[in-house]
Amino acid sequence: MPTQQNRSIESTSLRTHLCANLRASDVGSTVTVCGWVARRREHGEHLAFLDVRDYSGIVQCVVDNAVDVRSEWVVQITGKVQPRPDGTVNKNLSTGEIELSDCTITVLNAAEPPPFPIDARADDVDENVRLKYRYLDIRRERMQRNLRIRSKVNSAIRGAMEAQQFVEVETPFLMPSTPEGAREFLVPSRKEPGSFYALPQSPQLWKQLLMVAGIDRYYQIARCLRDEDLRADRQYEFMQLDAEMSFVTKDDVLAAISKAVVAAAEAVLGETPPTIEQITWRDAMNRFGVDKPDMRFGMELVELTAVFSSTEFKAFSSAACIKGIRVDATLYPEQAAYGRNKLDALTDRAKQIGAKGLVWMKVGEGLALDSPVAKFLSDAERASLVSSMGAQNGDLLLLVADEWATTCEVLGTLRNDLARPPVHEGPYKYVWVIDFPLFVGVNATTGKPQPGHHPFCQPHPDDIERLESDPMSVRALAYDLVLNGWELGSGSIRIHDPEMQRRVFRQLGISDEDADKRFGFFLQPFKYGAPPHGGFAFGTDRLVAILAGEENIREVIAFPKTQSGSDPMTNAPTPVNPAQLNELGIRLLPPPAKS
Ligand code: ASP
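Now for a look at the structure at hand. (Residues numbered from 1 in each chain as written. Predicted model: local features only at pLDDT ≥ 70, side-chain atom pairs only at ≥ 80, totals over all residues. Heavy atoms only, no water.)

Before going further, it helps to examine the overall build of the chain. Each helix and strand in the chain was counted, giving 15 helices and 22 strands. Taken along the three principal axes of its C-alpha coordinates, the chain extends 90 × 75 × 55 Å. Split into buried and exposed, the 595 residues of the chain put 49% on the buried side. The contacts in the chain between residues at least 6 apart in sequence include a share of 66% that link residues at least 24 apart. Surface summary for the chain: the accessible area is close to 28800 Å², and the carbon and sulfur share equals 51%. Once the 67 positive and 80 negative side-chain charges of the chain are each reduced to a mean point, those two points are 2 Å apart. (Helix = DSSP H or I, 4+ residues; strand = E, 2+ residues; numbered from the N terminus. Buried < 20%, exposed > 50% of the residue type's maximum accessible area, 1.4 Å probe, protein only. Contact = heavy atoms within 4.5 Å. Areas by Shrake-Rupley, 256 points an atom, 1.4 Å probe, with all protein chains shown as cover. Lys, Arg positive; Asp, Glu negative; His and termini not counted. Charge placed at Lys NZ, Arg CZ, Asp CG, Glu CD.)

Dropping the structure here:
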């Protein structure tokens, strides 16, 4: 065994090599590997083949078949590297040209048979079972690869941030509730029964205070917690590269964050993504119908309001905005040829999202339009529609006439439903969506506008004068980073003037008094010389998933929760002991009746 001094990085006191790193060039040397028995095959009367696996992969060992080792036993094997006999070379394996012979085996630990095979077959095993035995699931090549990609991404991000003189600062987990918008996880205080900490939905407030504190450039790969329904791209706890910078404009922030994203992509894929495009939120909505546009494919929304400006067709004449998408028969032959049932399903889908209806038209020979509504349109309208949409024989046209936002959203959803490739399929198309609205929608209980992002975003200087008179028209200096239709993260230039912060709070229905009571700890420091600042945060789980070729972030998180928020391995969440509740001054209500 090599000494501590002359040992290669992969060797330890128990092994000389990793299994999958042995090659034909090692033939003749005696080596020691450690790992798990991946497979045992009897070979003739006296011999058995053992595939031994560690995180690097597999090596075949020829052993005496009297030895008692079984699947997933932990072994140390010393043997001589020899070429595999003619005709038995396995081209699919990095070690496929060699095997270990004359082996001596030490059993380091026996194992019970695993509940599922520790290989690709487990991909089809029920996810609850995979998560219950996550430590076995992680033993598999796929999870090993994903977690190692994750580590690479984190390291590349750190490197890029450090190179730009960002300072890593850790921020508290136990903090007061903040107005960032997501539902928070609360932690009861034992010392002050009836009072609660909130777990951070992000380090937003801390990082802004760090700017007041003169840190200038802060970053942290931060754990954030939000009590929101889980999905393929959402977990209760998730990781973000969180950053903040002083004395900057939007372009400085986007440039700094781009460097981290590019470094992560280079580290995993070995290639530099092209310069990240920018699109305004309004253009994204107008062209793609969503604020996280997937730019890998066309089928853009076409503006048709002018085409029907003097139409007699009721559904169109009464609508504020008419747009359409063209399902190109050459690119999407199956969708363009949808029959009545599928078209009805599309119409139902459109109604579900809020449209009054969906108009479909099939383009036939001579660019004639076949549709239940075609007869209500004039010849000129039909001709103008065909030319505006660049329609060709065989295409399917889908039109929505409604309020601007509904028209965009409905067609944006249908566009994605019809043609969006799985998120992890290349090419990787990053895009910055800039100039988000400061407010979106109205809070059902307060009747007040809701923040588009969070209440600390600086209103766009060109729109500030309308903050009180027409708040919904005000843009924010806020931006998102989108990759293949997934929102990776968001950021903004922040309000650094306490008076402006109060004006925004007032719009949200938070009075000056309320603001002082709830967020005084945050507002007060801004009186002591807050520099102009801005920042960003992007979800590393989502980035890693896409770079690893996974469609679900659970595949790149070591110990995720299931879709219903539980952990089948530890059974969390679990009831607690009544004594613990007493100590916290908590009495439980009967569980709500199941609906
Ligand atoms: N705190 C924000 C978020 O987590 C990001 C930011 O504005 O920097 O979405």
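What follows covers the state of the cysteines. Note on terminology: disulfide describes a covalent bond linking the sulfur atoms of two cysteines. Going through the model one piece at a time under the given rule, you end up with 0 disulfides. With no disulfide of its own, Cys34 lies closest to Cys19 among cysteine sulfurs, the gap being 8.1 Å. Among the cysteines around Cys457, which has no disulfide bond, Cys224 carries the closest sulfur, lying 15 Å off. In this structure Cys457 comes out as buried when scored by relative accessible area, which is 1%. (Disulfide = S-S within 2.5 Å.)

With that settled, the discussion passes to helix α11 (residues 404-419). The periodicity of an α-helix, 3.6 residues per turn, causes residues three or four places apart in sequence to face the same way. The end-to-end C-alpha separation of α11 is 22 Å, in line with the 22 Å expected for 16 residues at 1.5 Å each. For α11, the secondary structure elements touched by its buried residues are α6 (281-288), β13 (321-327), α8 (333-336), α9 (340-353) and β16 (396-402). (Expected span 1.5 Å × (residues − 1).)

A few words now on the pattern of salt bridges. Oppositely charged side chains may form a pair once their charged atoms are brought near each other. Tallied over the full model, the rule gives 47 salt bridges. Salt-bridge contacts for Arg139 lead to Glu72; the nearest nitrogen and oxygen are separated by 2.8 Å. Residue Arg139 is found in the loop between α2 (134-137) and α3 (141-163), and its partner Glu72 is found in the loop between β3 (57-64) and β4 (74-83); the two are separated by 67 residues along the sequence. Its relative accessible area of 22% is what places Arg139 among the partly exposed residues. We note a salt bridge from Glu237 to Lys561, for which the minimum N-O separation is 3.6 Å. One end of the pair, Glu237, is in strand β10 (residues 237-246); the other, Lys561, is in the loop between α14 (540-547) and α15 (578-584), with 324 residues separating them in the sequence. Exposure remark for Glu237: the relative accessible area of 29% places this residue in the partly exposed category. When salt bridges with common partners are traced through the structure, they connect Asp123, Arg130, Arg134, Asp137, Arg140, Arg142, Glu550 and Glu555 into a single cluster. (Salt bridge = Lys/Arg side-chain N within 4 Å of Asp/Glu carboxyl O.)

This paragraph deals with the site of the ligand. The full set close to the ligand counts 14 residues, and Gln204, Lys207, Arg226, His454 and Arg494 are the nearest of them. The side chain of Gln204 places a nitrogen or oxygen atom 2.6 Å from a nitrogen atom of the ligand. A distance of 3.3 Å is found between an oxygen atom of the ligand and a side-chain nitrogen or oxygen belonging to Gln240. The set of elements that each furnish at least two residues to the shell around the ligand consists of α4 (204-212), β21 (486-493) and β22 (533-539). Examining the composition of the shell around the ligand, we find that 3 residues originate from one element, β22, more than from any other. (Near = heavy atom within 4 Å. Polar contact = N/O pair within 3.5 Å; in protein donor to acceptor, adjacent residues only side chain to side chain.)

So, about the pairing of β10. Within β10, 9 of the 10 residues are buried, which leaves the element mostly enclosed by the surrounding structure. Strand direction decides the pairing type here: β10 and β22, joined by 7 bridges, are antiparallel. From the neighbouring strand, Gln240 faces β22, where its bridge partner is Gly539. (Pairing = 2+ DSSP bridges.)

Function-wise, these values are silent; they only describe arrangement.
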